[in-house]
Amino acid sequence: MATFNLNINGQKHQVDVDPSTPTLWVLRDHLNLLGTKFGCGIAQCGACTIHLDGVAIRSCMTPISVVEDGAITTIEGLSKDGDHPVQKAWLEHDVPQCGYCQAGQMMSAAALLKNTPNPSDTDIDDAMSGNICRCGTYVRIKQAIKTASKL
Amino acid sequence: MTKIQTQFNRRSFIKISAAAGGGMLIGFNWLAGCTPGTKPEEMVAVPNEWFDINGYIKIGDTGMVTLYSPNPEIGQNVMTSMPMIVAEELDVDWKNVVVEQAPLNTGLYQNQFAGGSLSIRLSWNALRMAGATGRRMLLEAAAKEWNLQVSDLTASQGVIKEKNGERSITYGEIAGKAVGIEVPEEVDLKDPKDFKLIGTSIKNVEGKKIVTGKPLFGIDYQREGMQLAMIEHPPAFGMKVKSFNEEEIKNMAGVNDAFIIDTTIKEPTWSDVNAFPQLIAIVGDSTWQLMQAKKALKADWEVVGELESSETHAKRLDKALINGEVEEARNDGNVAVAFKKAAKVIERTYSSPFMAHNTMEPMNFFANVTADSAELVGPTQTPEALEGSVAKLLNMPLEKVTVNMTRIGGGFGRRLYVHFGLEAAAISRKIGGPVKLLYTREDDMSQGTYRPIYRSTYKAGLDENNNLVAFSVKGAGLPGGPVFPNRFPAGAVENYSAEKIKAATNISTGAWRAPRSHFTAGAEQAFLDEVAELAGKDPIDFRLELFDRAIKDPVGEKYEYEADRYAGVLKLVKEKSNWGEKKPGVFRGVAAYFCHFSYVAEVIDMVMENGQPVVQKVWCAADCGIVVNPDAAKNMIQGGVVDGIGHAMYSQLTFENGAPDQLNFDSYQLMRHSQAPKEIEVFFVENEIAPTGLGEPGLPPASGALANALYKATGKRHYHQPFTSNQPIVG
């Protein structure tokens, strides 16, 4: 066990956990931030995507010891009132079916748009192919990313 | 207007009205509900008092309306579309509607399950009746108040008005007086032409919560004092747990208990499919520590059955197609004679491997079992079946078991089966407190309940004029065959035979989105494409000729489909896709299928990019009767297309020594963004037929259209899924 001082969604948190604990489980089990989802545990599905210092990472394979005092953003902190362009575009295109993967999809999309404000189809495919949607909302996600890029 | 007898559901209406007495205050946290994308300031105010009208409707004194969505929400969007139907007949302004998930309550609701694309189809009348009954009771209350007849009043958008006068009253103002009104014997339903809400695109009522990461799913459920649990099942089918290093595991950090559970119940039903009733359970406080404990398990697994391999499965299917046990068959004319006389004969064999459901949310469930009660909360497609099985497991009366549904991170048939709920209950009973069970992806993918493995041989005979005169199909599967003997082209071919053949396996299987149809549609539609080519006919014209025969001069006593509606979707997709138009570098395939009482035709446009086939566009035409929520319905079809193409192209489970070779998404391939169709356009046939299934029918034609487009693009026919290897599975 070790103590970690974390910076999550602009707030300070202290947790006492095994240093090998993946950030995903620190968020879910210890900090009650449940928007970040568990899908595969091996960084293959993207359901657990969060931002570490603005970069999209898979929290299921990122031990908390690696995070240190880096700025973590989760879906709960993507915007104050759910009005990030990606969130607005997701609603406009009524993207979700079951909705389980969508937090991870949106976190990947938000990171993409931050660095590439006007992404091409290839940019979108490259940035998003680590995020599986089992319901098959890929076409709408792509449309929503393009809409978000104009908001 | 349609008159409808309310007796069907009268018992439950009376029950709730009586319980509500003279307008009682119902405890209700409106934040728990869902607003239909309306900003709070645009809604009417939060009520001080709520009035239960019936099991589906609660009206607040301000005019805010709560509608209960009875069925599990697995992403098919019933939480929006079911309340829409109630709201239509109740005639309220959707912006004042809040939706809540109803609990399992067999006294109030019927058919509370998500399966067979049946939610809307089975509840269409009940939901309309619930709304219309509420509307009638509000009208009667207003009539009584003003000393008028109901026929002197109109009701629209939550407001009742006098026809020949100035008075008006809102539903919220009169709701308290409607509670005591006797439930009418008969109510009027709207003429579909007068629908205001049904047929308009309403956004997902939980959209805002989903995009802001609210804890909606079973995996997110929490309770004070709740512990976490994980399980370990045997690594192979044909194995059973004997013992494990219990003391060592119990001594690990964060582990509170470890033991073996047994979820065997008496008189299991179809939803109790489970290859591993005995499991190791580990209970603790944090998921990561439980995962570490799972890794440290040293178990003694006993071999109790055959350890099958993909090679075993291939041999069994071969044998089954030669002399397997026929489960179901049809014979019209004499195919043997007709094939002998035919000018041209073609025979092809198609196959598809075992597949996992792979819902993105792994199996999980919450349970709190006490000496005389059991409370279950979580993602299930069959809450009623779970309730029954838990009652059997705990030897408890049914009324002591409650089941509540969370939003569900994918179903696809996986959560029709209730074993994970039983496991949570067994663990809770053992530890004597509340617990949430969670599977890892590996637990989930290796647990079974798979889509069966299939192989079918199709044969067709053409006469000298290239007419289809003989058609036969023999299809085998482990454990059941994929063939539907009375579906197309039954009824359209003079000499026809179909055999559905079964063969044994100890790999556990279950329903997987559009059971059997997902394989049969692809095989049959790819075969017909090849037959049309042999006949020198356009594939759509060839099919339309067959439907023409089925309409004008049907063969045999009956067939399952409506040939004109089947032909209708083909004609619509032909028109919308400009079928026949030549576009350089674009290769097209078509397929159509009927299942779940709906008809879908699809055209796939494929291009070659860097030597790889890429799906550029998919055109879909669907006939599912009245479309309740068009944009959401399109989303369903689009998802079905991606599901159909993705699994046909990439997905498979193979076996060695009884264990699946693929345990996670590094080896089990699902379609990803870069492989998805660039565009999917969906068109619906407009009619006033009561709604039929939509969650599943979009999927089956996709693999056929894919195979046919791949042939045009690559010159190669694809017979064996996954098409990326195009080899029959041999392990």
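Residues numbered from 1 in each chain as written. Chains lettered and ligands numbered in written order. Predicted model: local features only at pLDDT ≥ 70, side-chain atom pairs only at ≥ 80, totals over all residues. Heavy atoms only, no water.

J.: Is there a simple way to explain empty space enclosed by the protein in this structure?
T.: Unfilled space is identified by rolling a water-sized probe across the atoms. All told, the structure shown has 8 cavities of 30 Å³ or more when counted by the stated rule. Considering only enclosed or pocket space, the largest cavity measures out at about 80 Å³ in volume. Of the residues belonging to the lining of the largest cavity, the class tally is 7 nonpolar, 4 polar and 2 charged. (1 Å grid on protein atoms, 1.4 Å probe; cavity = no way out; pocket = protein on both sides within 12 Å on 5 of 7 lines; lining within 4 Å. Points joined across faces, edges and corners; volume = space filled by probe spheres on them. Nonpolar A, V, L, I, M, F, W, Y, C, P; charged D, E, K, R; others polar.)

J.: What should I look at first to understand the interface of chain A and chain B in this one?
T.: With 53 residues of chain A at the contact, the number on the chain B side is 61 residues. The tally of links between chain A and chain B comes to 5 salt bridges. Between Asp631(B) and Arg140(A) there is a salt bridge, with the nearest N and O atoms lying 3.0 Å from each other. Linking chain A with chain B are 26 residue pairs in polar contact (both at pLDDT 80 or more), by the criterion used here. Listed by contribution, the elements that provide at least two residues to the side of chain A that touches chain B are helix H1 (23-30), helix H3 (85-92), helix H4 (102-115), helix H5 (121-128) and helix H6 (138-150) of chain A. A per-element tally of the side of chain A that touches chain B places H6(A) first, with 5 residues. Here the residues of the side of chain A that touches chain B are counted per class, giving 23 nonpolar, 19 polar and 11 charged. (Contact = heavy atoms within 4.5 Å. Salt bridge = Lys/Arg side-chain N within 4 Å of Asp/Glu carboxyl O. Polar contact = N/O pair within 3.5 Å; in protein donor to acceptor, adjacent residues only side chain to side chain. Helix = DSSP H or I, 4+ residues; strand = E, 2+ residues; numbered from the N terminus.)

J.: Would you explain the packing of helix H14 (residues 539-552) of chain B against helix H15 (residues 563-576) of chain B in this entry?
T.: Between two packed helices, both the angle of their axes relative to each other and the distance between the axes serve to describe the pair. All names here are of chain B. Direction vectors running N to C along H14 and H15 enclose 160°, while the axes themselves pass 9 Å from each other. Between H14 and H15, the interaxial angle falls into the category roughly antiparallel. In terms of crossing hand, the pair formed by H14 and H15 is left-handed. Counting all contacts with H14, which are made through Ile540, Asp541, Arg543, Leu544, Phe547, Ala550 and Ile551, the residues of H15 involved are Ala563, Asp564, Tyr566, Ala567, Leu570, Lys571 and Lys574. For the contact of H14 with H15, the class distribution of residues is 9 nonpolar, no polar and 5 charged. (Axes fitted to C-alpha atoms, helices over the stretch in contact; angles between N-to-C directions. Parallel < 35°, antiparallel > 145°, perpendicular 65-115°, else oblique. Left-handed = near helix turned anticlockwise from the far one by under 90°.)

J.: Can you walk me through the packing of aromatic side chains in this structure?
T.: Residue and element names in this part refer to chain B. Under the counting rule described, the total for this entry stands at 29 aromatic pairs over all chains. On the basis of an interplanar angle of 80° and a centroid distance of 5.1 Å, the ring pair of Tyr56 and Tyr109 is categorised as edge-to-face. One end of the pair, Tyr56, is in the loop between strand S2 (50-54) and strand S3 (57-60); the other, Tyr109, is in the loop between strand S5 (97-101) and helix H3 (119-146), with 53 residues separating them in the sequence. Take Tyr56 and Tyr109: they sit in the same class, and that class is buried. With a centroid separation of 6.4 Å and an interplanar angle of 50°, the aromatic rings of Tyr566 and Phe594 are classed as tilted. In this pair, Tyr566 sits in helix H15 while Phe594 sits in strand S24 (residues 587-595), placing the two residues 28 residues apart along the sequence. The exposure classification of Tyr566 matches that of Phe594, with both residues buried. (Phe/Tyr/Trp six-rings, centres within 6.5 Å; stacked < 30°, edge-to-face > 60°. Buried < 20%, exposed > 50% of the residue type's maximum accessible area, 1.4 Å probe, protein only.)

J.: Any chance you could explain the sheet that holds S24(B) here in plain terms?
T.: Backbone-to-backbone hydrogen bonds pair the strands of a sheet. The strands run either parallel or antiparallel. Residue and element names in this part refer to chain B. Pairing within the open sheet is mixed, and its 4 strands lie in the order S24-S25-S26-S29. Edge strands, defined here as strands with exactly one partner in the open sheet, are S24 and strand S29 (679-684). Taken over all neighbouring pairs, the strand axes of this sheet differ in orientation by 20° on average, direction set aside. Alignment of S24 against strand S25 (residues 598-609), held across 9 bridges, turns out to be antiparallel. (Pairing = 2+ DSSP bridges.)

J.: Is there a simple way to think about the sheet that holds strand S4 (residues 65-69) of chain B in this case?
T.: All names here are of chain B. On the basis of which strands lie adjacent, the open sheet formed by 4 strands has the order S2-S3-S4-S5 and mixed pairing. With partners counted over all chains shown, the strands left at the sheet margins are S2 and S5, one partner each. Sheet twist, expressed as the mean angle between neighbouring strand axes with direction ignored, is 25°. Here S4 pairs with S5 via 5 bridges, running parallel. Of the residues in S5, the one forming a bridge with Thr66 is Val98. Sitting on the sheet, helix H2 (residues 78-90) is in contact with S3, S4 and S5, with an inclination near 130° to S4.

J.: It is not clear to me how the state of the cysteines should be interpreted in this structure. Could you clarify?
T.: Formally, a disulfide is one covalent bond, and it connects the sulfur atom of one cysteine to the sulfur atom of another. Under the definition given, this model contains 0 disulfides over all chains. Cysteine Cys40(A) shares no disulfide, and the gap to the nearest cysteine sulfur, in Cys45(A), comes to 3.9 Å. (Disulfide = S-S within 2.5 Å.)

J.: I keep staring at the side chain of Lys617(B) and nothing clicks. Help me out?
T.: Residues and elements named next belong to chain B. Checked against the element boundaries, Lys617 lands in strand S26 (residues 612-623). Within the structure, Lys617 has its side chain in polar contact with the side chain of Glu679 (distance 3.3 Å). A distance of 2.6 Å separates a polar atom in the side chain of Lys617 from a polar atom in the side chain of Glu681. With residues up to four places along the chain from it excluded, the contact list for Lys617 reads Val603, Ile604, Asp605, Glu679 and Glu681.

J.: Honestly, the domain arrangement of chain A in this entry has me stumped. Any pointers?
T.: Accessible area lost on assembly of the parts is the figure often given for the size of an interface. Residues and elements named next belong to chain A. Domain parsing of chain A yields domain 1 (2-77) and domain 2 (85-150). For domain 1 and domain 2, the distance between their C-alpha centroids amounts to 21 Å. Domain 1 puts 16 residues into the contact, and the matching count from domain 2 is 13 residues. Applying the counting rule to domain 1 against domain 2 returns 0 salt bridges. At the boundary of domain 1 and domain 2, one finds 5 residue pairs in polar contact (both at pLDDT 80 or more). Listed by contribution, the elements that provide at least two residues to the side of domain 1 that touches domain 2 are strand S3 (49-52) and strand S4 (55-58). Among the elements that take part in the side of domain 1 that touches domain 2, S3 stands out by supplying 3 residues, more than any other. (Domains from an automatic or database assignment.)

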